[in-house]
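Okay, here's what each chain looks like letter by letter:
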Amino acid sequence: SIVSPLLRTGYHFQPPMNWINDPNGPLYYKGWYHLFYQYNPKGAVWGNIIWAHSVSRDLINWIALEPAISPSIPTDQYGVWSGSTTILHDGTPAILYTGIDRPSVNYQIQNIALPKNASDPLLREWYKPGYNPIAVPMAGINATQFRDPTTAWFAGRHWRMLVGGLRPGTLRGEAILYRSRDFKHWVRAKHPLHSALTGMWECPDFFPVGKAGVENGLDTSEYGAAAGVEKHVLKNSLDLTRYDYYTIGTYDNVKERYVPDNPTGDVYQRLQYDYGNFYASKTFFDPVKHRRILLGWANESDSVAHDKAKGWAGIQAIPRKIWLDPSGKQLVQWPVEELEKLRGKPVNVGDKVVKPGQHFEVTGLQSYQSDVEVSFEVSSLDKAEPFDPAYSNDAQKLCGIKGADVKGGVGPFGLWVLASADLAEKTAVFFRVFKDGYGKPIVLMCSDPTKSSLTPDLYKPTFAGFVDTDISSGKISLRSLIDRSVVESFGAGGKTCILSRVYPSMALGKDAHLHVFNNGETDIKVSKLTAWEMKRPLMNGA
Ligand code: DQQ
């Protein structure tokens, strides 16, 4: 089969070729942002995993360095899996990561690596001290489900860190807690920091956030009101569903307990960083801009045969700043501001009404590699469809039924991106407003790729999430980062995010178009739309 080179992303993180998955150990060190990631140097499928390493001054332009960690000691000779970085008291960064020590069974062990030369800002070489491993699966730990150590935090006299796990013989996912005085000897705490009946917890992440609405981030060890800590966030990547879920809660570092604010938030009413293709994510604190930054892996949804034909698979999402929403009930995410340096000349549309069933094309730019921000205004909510509470916890199912082509009362309205000239191919990113039994509006955001490509046998999942925003004024915004085979969207200023991978056969390069559409019965106004072509950053020498 012929796979177009025009599907390769332009400004999303990628190495020149081969397979990538989880972001590992992101950190800022002596002027550079570092990103390590799971990488197969030998092909476009998962396997032979090492820690590849790139550095950046701005999180957007990336320079590839030599791999940081490869199998080399008995406790990692069959694999170096995901992990995190911690800055120690003397300023040295330490990597904690999972090693595989035998060929047939995945027996998972936690290891440490340290820089050979901490004065090298590029942290090019790492060694594995003789006291490895630092944690092995002992009684009460399922050895095949024990991985992905977090960044450690310091409290009292101890470092603490989490390892993702699954309680033996159960479906209970756990954040197994370890303590250490010296970062060498680690002791498992009697109880996990938290657990829930969800299946295995991969790639846990645990960090403090500041007061509701405050965009500044906090270093991982910050604690208590005096330090500005309002809440803690625990994120887990669920092997079963392949989404990243988080809860917001209270952490007590004396009792060593984390209690989510929403007691059902682990299993029902689950919050996701992203309702699309975004997994194994990890945050870090950026001490330069005082922000917490989220990185996440977006897998392909193309066929394995196509991945192999293209010679590459997997990207990282655009780094996102992350903070506590003014409501205190969820997080907000927004692409790091450095991304805006890639913007070319803006194309503006203002005060344009889109009648029911109408659409218009945004012209004056090549939109296949672009950044689009739109402010919509709904003229009235009177015609909002009644909401069926059966879908309260299933936005995705609802959107699968009520896709972009299903006419509604208020919406669907939004963008058709990566659209072919004849509109036979298009990915719809849109809102649809419902009303519950009390007349309260409920906003659904969808990314509908069902028409994204005429290529047969593609996996085209519809993704969706609810948007907890006050639409009574009629206003709602949408930002989409369009990048050839990626559509990364932020609803209502980053309250709901959806990343989709799509593989158009015609809407490629200059043949891709951008439209605003309205398939509802209510007029929609585009009060402002700005679209920018995006330049190509340095991308690992590709
Ligand atoms: N990927 C890594 C594991 C992790 C999983 C292996 C999540 O450490 O649990 O490549 O995608």
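Check the entry above for the structure.
Since the structure is predicted, the reported quantities are computational estimates derived from the model, not experimental observations.

What counts, and at which threshold
Residues numbered from 1 in each chain as written. Predicted model: local features only at pLDDT ≥ 70, side-chain atom pairs only at ≥ 80, totals over all residues. Heavy atoms only, no water. Pairing = 2+ DSSP bridges. Helix = DSSP H or I, 4+ residues; strand = E, 2+ residues; numbered from the N terminus. Axes fitted to C-alpha atoms, helices over the stretch in contact; angles between N-to-C directions. Phe/Tyr/Trp six-rings, centres within 6.5 Å; stacked < 30°, edge-to-face > 60°. Buried < 20%, exposed > 50% of the residue type's maximum accessible area, 1.4 Å probe, protein only. Polar contact = N/O pair within 3.5 Å; in protein donor to acceptor, adjacent residues only side chain to side chain. Near = heavy atom within 4 Å. Areas by Shrake-Rupley, 256 points an atom, 1.4 Å probe, with all protein chains shown as cover. Disulfide = S-S within 2.5 Å. Salt bridge = Lys/Arg side-chain N within 4 Å of Asp/Glu carboxyl O.

Caption draft 1: Geometry of the sheet that holds strand β38 (residues 524–534). If you walk across this open sheet you meet the 6 strands as β26-β38-β28-β34-β35-β36, and the pairing is antiparallel. In this open sheet, the two strands that pair with only one neighbour each are β26 (343–354) and β36 (496–501). Between one strand axis and the next, the sheet turns by 15° as a mean value, whatever way the strands run. For strand β35 (residues 486–491) and β36, the ladder comprises 6 bridges, and the chain directions are antiparallel. Note that in β36 the partner of Glu 488 across the bridge is Leu 499.

Caption draft 2: Spatial organisation of the packing of aromatic side chains. Within this structure, the stated rule accounts for 30 aromatic pairs. Taken together, a centroid distance of 5.9 Å and an interplanar angle of 85° make the contact between Trp 153 and Tyr 251 edge-to-face. On the criterion of sequence distance, the pair formed by Trp 153 in strand β10 (residues 153–155) and Tyr 251 in strand β17 (residues 243–252) is long-range, its members being 98 residues apart. In this structure Trp 153 comes out as buried when scored by relative accessible area, which is 3%. A ring pair is formed by Trp 416 and Phe 517, whose centres lie 4.9 Å apart and whose planes are at 10°; its orientation type is stacked.

Caption draft 3: Highlighting the pairing of strand β11 (residues 158–166). In terms of burial, β11 is largely enclosed, as 8 of its 9 residues are buried. The sheet contact formed by β10 and β11 spans 3 bridges and is antiparallel. Looking at β11, one finds that Ala 155 is bridged to His 158. Taking the residues between adjacent antiparallel strands as the criterion, β10 and β11 are bridged by 2 residues, where Gly 156 takes a positive phi near 60°. Examined bridge by bridge, β11 and strand β12 (residues 172–180) share 8 bridges and lie antiparallel to one another. Residue pairing for β12: Gly 164 is matched across the bridge by Ala 175.

Caption draft 4: Region of interest: the environment of Asp 371. With respect to the helices and strands, the residue Asp 371 is situated in strand β28 (residues 369–378). Overall, Asp 371 belongs to the buried group, its relative accessible area being 0%. Sequence-wise, Asp 371 and Leu 481 are 110 residues apart; in three dimensions their C-alpha atoms are separated by 4.7 Å. Only 3.0 Å separates the side chain of Asp 371 from the side chain of Arg 343, close enough to count as a polar contact. Among the polar contacts made by the side chain of Asp 371, one reaches the side chain of Arg 479 at a distance of 2.6 Å.

Caption draft 5: Structural view of the sheet that holds strand β5 (residues 80–87). One open sheet accounts for 4 strands, arranged β5-β6-β7-β8; its pairing is antiparallel. Both outer strands of the open sheet, β5 and β8 (126–127), are each paired with one neighbouring strand and no more. The pairing of strand β7 (residues 108–115) with β8 spans 2 bridges and is antiparallel. Across the sheet, residue Pro 115 finds its bridge partner in β8, namely Trp 126.

Caption draft 6: Just unusual backbone geometry, in detail. Geometrically, the link from Asn 132 to Pro 133 is a cis peptide bond, its omega value of -5° lying close to zero. Following the sequence through the fold, Pro 133 ends up in the loop between β8 and β9 (146–147). The phi torsion at Phe 183 lies on the positive side, around 70°, for a residue other than glycine. Assignment of secondary structure puts Phe 183 in the loop between β12 and β13 (187–188).

Caption draft 7: Seen up close, the site of the ligand. By nearness alone, every residue bordering the ligand is listed as Asn 21, Asp 22, Gln 38, Trp 46, Trp 81, Ser 82, Arg 147, Asp 148, Glu 202, Tyr 279, Ala 280 and Trp 297. In this structure, an oxygen atom belonging to the ligand sits 2.8 Å away from a side-chain N or O atom of Arg 147. Residue Asp 148 places a side-chain N or O atom 2.5 Å away from an oxygen atom belonging to the ligand. When the ligand is considered free in solution it has 310 Å² of accessible area, and contact with the protein chains removes 94% of it. Elements supplying a minimum of two residues to the shell around the ligand: β1 (18–29), β5 and β20 (279–286).

Caption draft 8: Region of interest: the pairing of strand β30 (residues 410–419). In terms of burial, β30 is largely enclosed, as 10 of its 10 residues are buried. Both β30 and strand β31 (residues 427–435) contribute to a ladder of 6 bridges, which runs antiparallel. Opposite Val 417, over in β31, you have Thr 427 as the bridge partner. Taken together, the 5 bridges between β30 and strand β37 (residues 513–518) define a ladder with antiparallel strand orientation. What sits directly across from Leu 415, in β37, is Val 516.

Caption draft 9: Structural view of the state of the cysteines. For the structure shown, the criterion picks out 1 disulfide. Bridging Cys 399 to Cys 446, the disulfide has an S-S length of 2.0 Å. Between Cys 399 and Cys 446, the disulfide has an S-S torsion of 140° and is therefore right-handed. Placement of Cys 399 in helix α2 (residues 395–401) and of Cys 446 in strand β32 (residues 441–448) is noted, with a sequence separation of 47 residues between them. Residue classification places Cys 399 among the buried residues on the basis of a relative accessible area of 1%. Considering cysteine sulfurs only, Cys 497 is the nearest to Cys 203, which forms no disulfide, with 19 Å between them. Take Cys 203: its relative accessible area is 2%, and that puts it in the buried class. There is no disulfide at Cys 497, and the cysteine sulfur nearest it, in Cys 446, is 14 Å away.

Caption draft 10: Region of interest: the pattern of salt bridges. Inspection of every chain in the model, using the stated rule, returns 34 salt bridges. Of the charged contacts, one joins Asp 286 and Arg 291 as a salt bridge, the two residues approaching to 2.8 Å between their closest N and O atoms. Accessibility expressed as a relative area gives 0% for Asp 286, which makes it buried. Ionic pairing is found between Arg 291 and Glu 338, a salt bridge with its closest N-O pair at 2.7 Å. One end of the pair, Arg 291, is in strand β21 (residues 291–298); the other, Glu 338, is in the loop between β25 (331–335) and β26, with 47 residues separating them in the sequence. A network of salt bridges, in which partner residues are shared, links Asp 286, Lys 289, Arg 291, Glu 337 and Glu 338.

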